[in-house]
Amino acid sequence: MARILVDCDPGHDDAVALVTAAHYGELVGITTVGGNAPLADVTSNALLTCQLFDIQVDVHAGADRPLVAPPRHAPEIHGVSGFAGPSLPALERGPASSDGVDYLIDTIRSEEGLWLVPIGPLTNVALAFRQAPDLPRRLAGVSFMGGSATIGNHTPVAEFNVLVDPEAAAVVLASGAHIQMAGLDLTHQFVIDDGLVADIATIGGTGATVISELVVSYLDQVEQVRGLRKGGLHDPCAVLAVTHPEVIRHRLRRVDVELTGTFTRGMTVVDRRPGRVSDTEGADGQPLNVHHGHTLDHETARRLVLDAIAARSRADR
Ligand code: BDR
Ligand code: CA
């Protein structure tokens, strides 16, 4: 069973990703990063998720702002707190520490072969990799949710996690780690709609009820902002890429992050041109650096995620 560190900014889809990782993997630790909402909020949301789904794992708060850019959140999608919608219980415990970056460094150094699954802006991971350049090679891999090979969500071409901290994403993509990307072109294949909400709500128990209410709130917000009552269940895809690799098809490609474009900052430029110089070099001779997830087995992914929520949603909590 894969041993997994999740770096997150819950967000309903981060919460589902945590449940999925705890159910199908050995979830070793959780770090949080400012993203969907400010750091204090997403840290509380990660702790709440653990509480609701009986996940006995420490949560360490990490960076509250990107490497270079000013902080940026997504209240129009996730609400100001990141967990808009349900009424939530009081927290029963606090974070284990506020040095998530040191926690990542120490943990990855203490054990070879961990998977790191970042599902928020890549700030913590970049800070850890910069401070400890031995980390990328100690990991089994980095399976991140972010970027896109096609359209963006927060700009026409940029996806939120990469847009919030493009400099951090560039550090991670250049790190030499085994990198798997779950970008929007993949995660939109995991459809969130009212049908998914109904299936989650039917499970019952406090955890599933909270998740279904979070997803309803997300759909309400998306409908208001984008005129569409539909979205992608993004973050669990990065977990499934580790726990159920057969569900996602990958191809090794060159991926770079646009750092300077007037209209394109935060875009991931995924080279999908046919032809390559070798198995390790792309069309322009640069090293192929990312295993790009391009096709999801939606039915299987949906069943796996619903099963994970069902197994961990407790009626008595
Ligand atoms: C990503 O941004 C956040 O809103 C989600 O949690 C996901 O990680 C999708 O762009
Ligand atoms: Ca996220």
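Provided above is the structure to which this section pertains.
Before going into details, it helps to say that this report is about the structure given with it. (Residues numbered from 1 in each chain as written. Chains lettered and ligands numbered in written order. Predicted model: local features only at pLDDT ≥ 70, side-chain atom pairs only at ≥ 80, totals over all residues. Heavy atoms only, no water.)

**Some words on the overall build of the protein chain**
- Assigned secondary structure in the protein chain consists of 13 helices and eleven strands.
- Overall, the C-alpha framework of the protein chain stretches about 55 × 45 × 40 Å when taken along its three principal axes.
- Counting contacts in the protein chain only where the partners sit at least 6 residues apart, residues at least 24 apart contribute 80% of the total.
- For the protein chain, the computed accessible surface area is about 12100 Å², with 51% contributed by carbon and sulfur atoms.
- For the protein chain, the distance from the average site of its 24 positive side-chain charges to the average site of its 39 negative ones is 5 Å. (Helix = DSSP H or I, 4+ residues; strand = E, 2+ residues; numbered from the N terminus. Contact = heavy atoms within 4.5 Å. Areas by Shrake-Rupley, 256 points an atom, 1.4 Å probe, with all protein chains shown as cover. Lys, Arg positive; Asp, Glu negative; His and termini not counted. Charge placed at Lys NZ, Arg CZ, Asp CG, Glu CD.)

**Here we look at the coordination of the calcium ion (ligand 2)**
- Coordination of the calcium ion (ligand 2) by the protein comes from Asp 9 (OD), Asp 14 (OD), Asp 14 (OD), Ile 119 (O) and Asp 235 (OD), over a distance range of 2.2 to 2.6 Å.
- When the donors of the calcium ion (ligand 2) are listed by position in the chain, the intervening gaps give D-x4-D-x104-I-x115-D. In this structure, Asp 9 and Asp 14 share a single accessibility class: buried. (Donors = N, O, S within 2.8 Å, 3.2 Å for Na, K, Ca; no water. Buried < 20%, exposed > 50% of the residue type's maximum accessible area, 1.4 Å probe, protein only.)

**Observations concerning the nonpolar core**
- In terms of nonpolar packing, the biggest core is built from 63 residues, with Val 6, Leu 27, Ile 30, Ile 211 and Ile 309 touching the most fellow members.
- Once you skip the residues sitting within four places of it in the chain, Leu 27 turns out to touch Ile 4, Val 6, Leu 18, Ala 21, Ala 22, Ile 55 and Val 57.
- Counting residues in hydrophobic clusters, the runner-up holds 31 residues, among them Ala 126, Phe 129, Leu 139 and Ala 149. (Core = buried A, V, L, I, M, F, W, Y, C linked by side-chain atoms within 4.5 Å.)

**Thoughts on the sheet that holds strand β2 (residues 26-32)**
- Ordered in space as β3-β2-β1-β4-β5-β6-β11-β9-β10, the nine strands form an open sheet in which the pairing is mixed. Every interior strand has two partners, whereas the edge strands, β3 (59-61) and β10 (268-271), have only one. Here the strands of the sheet are splayed against their neighbours by 30 degrees on average, with no regard to which way each runs.
- Relative to β2, strand β1 (residues 3-8) runs parallel, the two sharing six bridges. Paired with Ile 4 across the strands is Leu 27, a residue of β2. (Pairing = 2+ DSSP bridges. Axes fitted to C-alpha atoms, helices over the stretch in contact; angles between N-to-C directions.)

**Let's talk about the state of the cysteines**
- In the structure shown here, the tally under the stated rule is zero disulfides.
- You can see Cys 8 has no disulfide; the closest cysteine sulfur is in Cys 50, sitting 8.1 Å from it.
- No disulfide involves Cys 237; its sulfur sits 16 Å from the nearest other cysteine sulfur, which is in Cys 8. (Disulfide = S-S within 2.5 Å.)

**A look at the site of ligand 1**
- Taken together, Asp 13, Asp 14, Asn 36, His 78, Ile 119, Met 145, Asn 153, Glu 159, Phe 160, Asn 161, His 234 and Asp 235 make up all the residues around ligand 1.
- Contact between ligand 1 and Asn 36: an oxygen atom at 2.8 Å from a side-chain N or O atom of the residue.
- A distance of 3.0 Å is found between an oxygen atom of ligand 1 and a side-chain nitrogen or oxygen belonging to Asn 161.
- Protein contacts shield 97% of the accessible area of ligand 1, which totals 280 Å² for the unbound molecule.
- Elements with a contribution of two residues or more to the shell around ligand 1: α1 (12-24) and α7 (160-164).
- When grouped by side-chain class, the residues that make up the shell around ligand 1 number three nonpolar, five polar and four charged. (Near = heavy atom within 4 Å. Polar contact = N/O pair within 3.5 Å; in protein donor to acceptor, adjacent residues only side chain to side chain. Nonpolar A, V, L, I, M, F, W, Y, C, P; charged D, E, K, R; others polar.)

**Focus: the pattern of salt bridges**
- Scanning the entire structure with this criterion turns up 14 salt bridges.
- For Arg 65, the salt bridge is made with Asp 64, and the minimal N-O distance between the two is 3.6 Å.
- On the basis of relative accessibility, which here comes to 48%, the residue Arg 65 falls in the partly exposed class.
- Exposure remark for Asp 64: the relative accessible area of 43% places this residue in the partly exposed category.
- Ionic pairing is found between Arg 273 and Asp 271, a salt bridge with its closest N-O pair at 2.9 Å.
- Its relative accessible area of 17% is what places Asp 271 among the buried residues.
- When salt bridges that share partners are traced, they join Asp 194, Asp 220, Glu 223 and Arg 229 into one network. (Salt bridge = Lys/Arg side-chain N within 4 Å of Asp/Glu carboxyl O.)

**Considering the environment of Val 270**
- Tracing the backbone shows Val 270 in strand β10.
- Separated by 38 residues in sequence, Val 270 and Gly 232 place their C-alpha atoms 20 Å apart.
- Residue contacts for Val 270: discarding those within four places in its chain leaves Ser 148, Ala 149, Met 181, Arg 253, Arg 254, Val 255 and His 292.

**Overview of the packing of α1 against helix α13 (residues 298-312)**
- Where α1 contacts α13, the two axes come as close as 9 Å, and the packing angle between them is 80 degrees. Taken together, the axes of α1 and α13 lie roughly perpendicular to each other. Counted together, Val 16, Val 19, Thr 20, Ala 22, His 23 and Tyr 24 of α1 and Leu 304, Val 305, Asp 307, Ala 308, Ile 309, Ala 311 and Arg 312 of α13 form the full contact between these two elements.
- Here the contact of α1 with α13 is built from residues that sort into nine nonpolar, two polar and two charged. (Parallel < 35°, antiparallel > 145°, perpendicular 65-115°, else oblique.)

**Thoughts on unusual backbone geometry**
- The residue after Pro 10, namely Gly 11, is reached through a cis peptide bond having omega -10 degrees.
- Tracing the backbone shows Gly 11 in the loop between β1 and α1.
- In the Ramachandran plot, Asp 54 falls in the positive-phi region, its phi being about 55 degrees despite a non-glycine side chain.
- Topologically, Asp 54 is positioned in the loop between α2 (39-52) and β3.

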